[in-house]
Amino acid sequence: MDEILKKSATEQHKMIAEKQISATELTKASLKRINDVDEKIGAFNSITEEIALNTAKKVDEMVAAGEKLPLLAGVPLALKDNMNLIGSKTTASSKILENFVSPYNATVTQKLLDNGIPIIGKANLDEFAMGSSNENSAFKKVHNPWDLNKVPGGSSGGSAASVAACEATLALGSDTGGSIRLPASFCGVVGMKPTYGRVSRYGLIAFASSLDQIGPFARTVEDAANLLEVISGHDTHDSTSLDIPVEHYAQHLNDDIKGKKIGVISDLMTDAVSEDVRKAVEHAVNVYKSLGAEVVEVSLPKLKYSIGIYYILATAECSSNLARFDGVRYGHRTSNPENLIDLYCKSRAEGFGDEVKRRIMLGTYALSSGYYDAYYKKAQQMRRLVADEFNEAFKNVDALISPTCPNTAFELGARTADPLAMYLTDIATISANLVGIPAMSVPAGFDSDGMPIGLQIMTPQLKESDLFNFGYKFEQENDFYKQFAKDVCACA
Ligand code: GLN
C-alpha cells in the first residue's frame, strides 16, 4: 500500500497544498487501493472514478494557479450509498433502487464537491440503513478489515471499513440509532453524529426523519472535526436544518479540560458489557482524570427504554418514508402485474429485503388507528422523558461517556437469526438520536482478539466543539489511532 494513504486527511491536504503530491496522484493511489483490497472487504457498491479524478484535477489546477485551497481539498472520500451524487447510482443497498440514478446532488455532496473533495465511490450499507452489521445489504456483505470473518458494524459498514482499510481517508455516513458510531467502534476509526439539524438531510434517502443525521468518519478526531465543518450549515431545502453559524470545530481541539466534569453512564457499565470493553472505558476514565477532569458516575434509569422507543418511532417513520418506493414513483417494477394493487404488492415484495419488510410492518402496525395511542403516542412521550433525563444530567456534567457498544465486532452470521440480539447492539447509541445531541466514537483500545473498542462521548446540543475537544484530548494520550487493520495490510 502507498504509505501516503496511512496519513491523516489534514496531513494529506497539507502535502497537496505544498505540492509534495498532487490530488490526482493521491486519488489514483486510493482507487488502486480499492482495486487491490475491496474484493475482500466489500466496502463499495460502486466506484466513481471519473467524478473523483475530475475533482482532483480542479484541485491541482488551483494549486498550480497559487490559489488557496478550501478545507480538506484533494482528500479522497467514500460516500454512503444513500446520499445522492449526480453521475452515480444511489441504491441504499436495496434491490428496489438497484438502478436508481441520482437526479440531483445531496446538499452534503454539493458541499464536498465545492470544497474539492474527490468522492471515490459509494459505500455499502445495510439496506435503507436498517441494521447493525451490514449483513442486510441486498448486494454483498462488508467484512471487517481487522478480521475478515467479522462484521464491520452497521449500517454505515462500508464507510467505516473503507477508512479502516485506507481505501478512503474520509467517509460520510448517516446515523439514525448509531449507524456511524457503531461501525466506527467496530472498525477502530472515529465516527461522529452531529446535533440533529446541524447537517442538511436534503438528498439523503430518508429512513426515520426525526432521527436521521449525516456525519463524518475519519482516522483522527481533527479530520472528523474538519469534515463536519465542510458539511454543516443551514439549508433552505431541509426545514429541520438549523439556522446557526457553522463553527471552526477544530479550533478548540487542544483546549485544557482541567476542571471539566465528565459523567460515566453507570447504566452502560453493567455485566452485559464485556470485560475488555469495560477495562477500556476505565482506562479512559483514568486518562481524563490525569488530564485534570473530574469524573463522576451518572445514572440514567430511562435509558433502558430507548431501544423500545426507537423501534416504535423509527419503524413508524420508515413505514411512511418508504411508501414512495412502489414501482410507480420510484424503484423496481414487477414485470407482469394483474392490476394496479398487484403491481404495488409485487414490486415491493420483490424489491425489499426481509429486515426492511419487518420494519415496515411493525411501523404500519404502530401507526394504525386502534394502536396509535398505545404505541406511537406513548413512545413519543417516553422520548421526551429520556431527553429530560439527559438534559438534567448535562446541568451537572460537560460530557457523558460510555462504551459505544457493550461488545466488539462479532462473527458474520452470529446475530442474523435473532433480530432482538441485533437490535440490542445499539443500546448505548440510540438515546443520542432520541435526544438529538452530538455523539462520537473514538478508538479506545483492543480486546484480547485484537479487535478495536470504541469509547462514546456525548455532549449537549450544539456543543460539537466541546465533543471534539474531549475526543482529541483522549486520542492524543494514546496511540490506538496510529494502528492499522492487520488483516487488510497483510492481504494487500
Ligand atoms: N442499527 C439501528 C437500526 O437498525 C440503527 C440504524 C441507523 O442508525 N441507521 O435501525
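The coordinates are above.
Everything numeric here is computed off the predicted structure, so don't read it as measured data.

## A closer look at the overall build of the chain
- Of regular secondary structure, the chain possesses 16 helices and 11 strands.
- Seen through its principal axes, the chain has C-alpha atoms that stretch 65 × 50 × 45 Å.
- Residues counted as buried form 61% of the 492 residues belonging to the chain.
- Looking at the chain alone, contacts between residues at least 24 apart form 76% of all its contacts between residues at least 6 apart.
- Separation between the mean location of the 50 positive side-chain charges and that of the 62 negative ones in the chain comes to 2 Å.

## Things to note about the pairing of strand S8 (residues 294-298)
- Alignment of strand S7 (residues 261-265) against S8, held across 5 bridges, turns out to be parallel. Of the residues in S8, the one forming a bridge with Val264 is Glu297.

## What about the layout of surface pockets?
- Taken as a whole, the largest pocket encloses approximately 340 Å³ of empty space.
- Considering the residues around the largest pocket, the lining is formed by 17 residues, among which Tyr104, Gly203, Leu204, Ile205 and Arg324 are closest to the centre.

## Focus: the packing of helix H7 (residues 221-231) against helix H15 (residues 464-476)
- As a packed pair, H7 and H15 sit with axes 9 Å apart at the nearest point and diverge in direction by 160 degrees. Our classification of the angle between H7 and H15 gives roughly antiparallel. As for the relative orientation of H7 and H15, their crossing is left-handed in sense. Contact with H7, carried on its side by Val221, Ala224, Ala225 and Leu228, involves Glu464, Phe468, Gly471, Tyr472 and Glu475 of H15 and no other residues of that element.
- Across the contact of H7 with H15, the residue classes break down as 6 nonpolar, 1 polar and 2 charged.

## Comments concerning the packing of helix H4 (residues 107-114) against H7
- It is at 8 Å that the axes of H4 and H7 come closest, and there the two elements cross at 110 degrees. For the element pair H4 / H7, the angle class is roughly perpendicular. Of H7, the residues touching H4 (which contributes Val108, Lys111 and Leu112) are Leu227, Val230 and Ile231.
- Of the residues assigned to the contact of H4 with H7, the class counts are 5 nonpolar, no polar and 1 charged.

## What about unusual backbone geometry?
- For the bond running from Gly154 to Ser155, omega is 10 degrees, close enough to zero to count as cis.
- Secondary-structure assignment places Ser155 in the loop between strand S3 (119-123) and helix H5 (157-164).
- Positive phi, close to 55 degrees, is recorded for Ser93, a residue that is not glycine.
- Mapped onto the secondary structure, Ser93 falls in the loop between strand S2 (77-80) and H4.
- Taking relative accessible area as the criterion, Ser93 reaches 0% and is therefore assigned buried.
- With a phi angle near 60 degrees, Cys166 is a residue other than glycine that sits in the positive phi range.
- In this fold, Cys166 is placed in the loop between H5 and strand S4 (170-175).

## Here we look at the pattern of salt bridges
- Per the stated rule, a full pass over the model turns up 16 salt bridges.
- Between Asp175 and Arg181 there is a salt bridge, and its shortest N-O distance comes to 2.8 Å.
- The class of Asp175 is buried, set by a relative accessible area of 0%.
- Asp238 is the partner of Arg201 in a salt bridge, and the nearest nitrogen-oxygen pair spans 3.5 Å. One end of the pair, Arg201, is in the loop between strand S5 (190-193) and strand S6 (213-218); the other, Asp238, is in the loop between H7 and S7, and 37 residues separate them in sequence. Here the two residues Arg201 and Asp238 agree in accessibility, since each one is buried.

## Here's the deal with helix H10 (residues 340-351)
- The first and last C-alpha atoms of H10 sit 16 Å apart over 12 residues, in line with the 16 Å expected at 1.5 Å per residue.
- When H10 is considered as a whole, its buried residues turn out to be Asp342, Leu343, Ser347, Arg348 and Gly351.
- Residues of H10 that are buried make contact with helix H11 (354-367).

## Here we look at the nonpolar core
- Of all hydrophobic cores here, the largest spans 55 residues; its most connected members are Leu112, Leu172, Ile231, Tyr288, Leu455 and Phe468.
- Among residues more than four places away in sequence, those in contact with Ile231 are Val108, Lys111, Leu112, Leu172, Val199, Ile214 and Gly215.
- Counting 52 residues, the second-largest nonpolar core is a separate cluster that includes Ala92, Ala208, Tyr311 and Leu322.

## Observations regarding the sheet that holds S6
- The sheet built from 11 strands is open, its strands ordered S1-S3-S2-S4-S6-S5-S10-S11-S9-S7-S8 with mixed pairing. Edge positions in the open sheet fall to strand S1 (44-47) and S8, since each of these has one partner strand only. Taken pair by pair, the neighbouring strands of this sheet meet at an average axis angle of 30 degrees, ignoring direction.
- In this sheet, S6 lies alongside S5 in antiparallel orientation, the contact comprising 2 bridges. Across the sheet, Gly191 pairs through a bridge with Phe217, a residue of S6.

## Here we look at the site of the ligand
- Near the ligand there are 15 residues, and of these Thr176, Gly177, Ser179, Tyr310 and Asp426 occur at the shortest range.
- Contacts to the ligand include Gly131, whose backbone N or O atom sits 2.8 Å from an oxygen atom.
- Contacts to the ligand include Tyr310, whose side-chain N or O atom sits 2.6 Å from an oxygen atom.
- Alone, the ligand offers 290 Å² of accessible surface; in the complex the protein occludes 100% of this.

What counts and how
- Residues numbered from 1 in each chain as written.
- Predicted model: local features only at pLDDT ≥ 70, side-chain atom pairs only at ≥ 80, totals over all residues.
- Heavy atoms only, no water.
- Helix = DSSP H or I, 4+ residues; strand = E, 2+ residues; numbered from the N terminus.
- Buried < 20%, exposed > 50% of the residue type's maximum accessible area, 1.4 Å probe, protein only.
- Contact = heavy atoms within 4.5 Å.
- Lys, Arg positive; Asp, Glu negative; His and termini not counted.
- Charge placed at Lys NZ, Arg CZ, Asp CG, Glu CD.
- Pairing = 2+ DSSP bridges.
- 1 Å grid on protein atoms, 1.4 Å probe; cavity = no way out; pocket = protein on both sides within 12 Å on 5 of 7 lines; lining within 4 Å.
- Points joined across faces, edges and corners; volume = space filled by probe spheres on them.
- Axes fitted to C-alpha atoms, helices over the stretch in contact; angles between N-to-C directions.
- Parallel < 35°, antiparallel > 145°, perpendicular 65-115°, else oblique.
- Left-handed = near helix turned anticlockwise from the far one by under 90°.
- Nonpolar A, V, L, I, M, F, W, Y, C, P; charged D, E, K, R; others polar.
- Salt bridge = Lys/Arg side-chain N within 4 Å of Asp/Glu carboxyl O.
- Expected span 1.5 Å × (residues − 1).
- Core = buried A, V, L, I, M, F, W, Y, C linked by side-chain atoms within 4.5 Å.
- Near = heavy atom within 4 Å.
- Polar contact = N/O pair within 3.5 Å; in protein donor to acceptor, adjacent residues only side chain to side chain.
- Areas by Shrake-Rupley, 256 points an atom, 1.4 Å probe, with all protein chains shown as cover.

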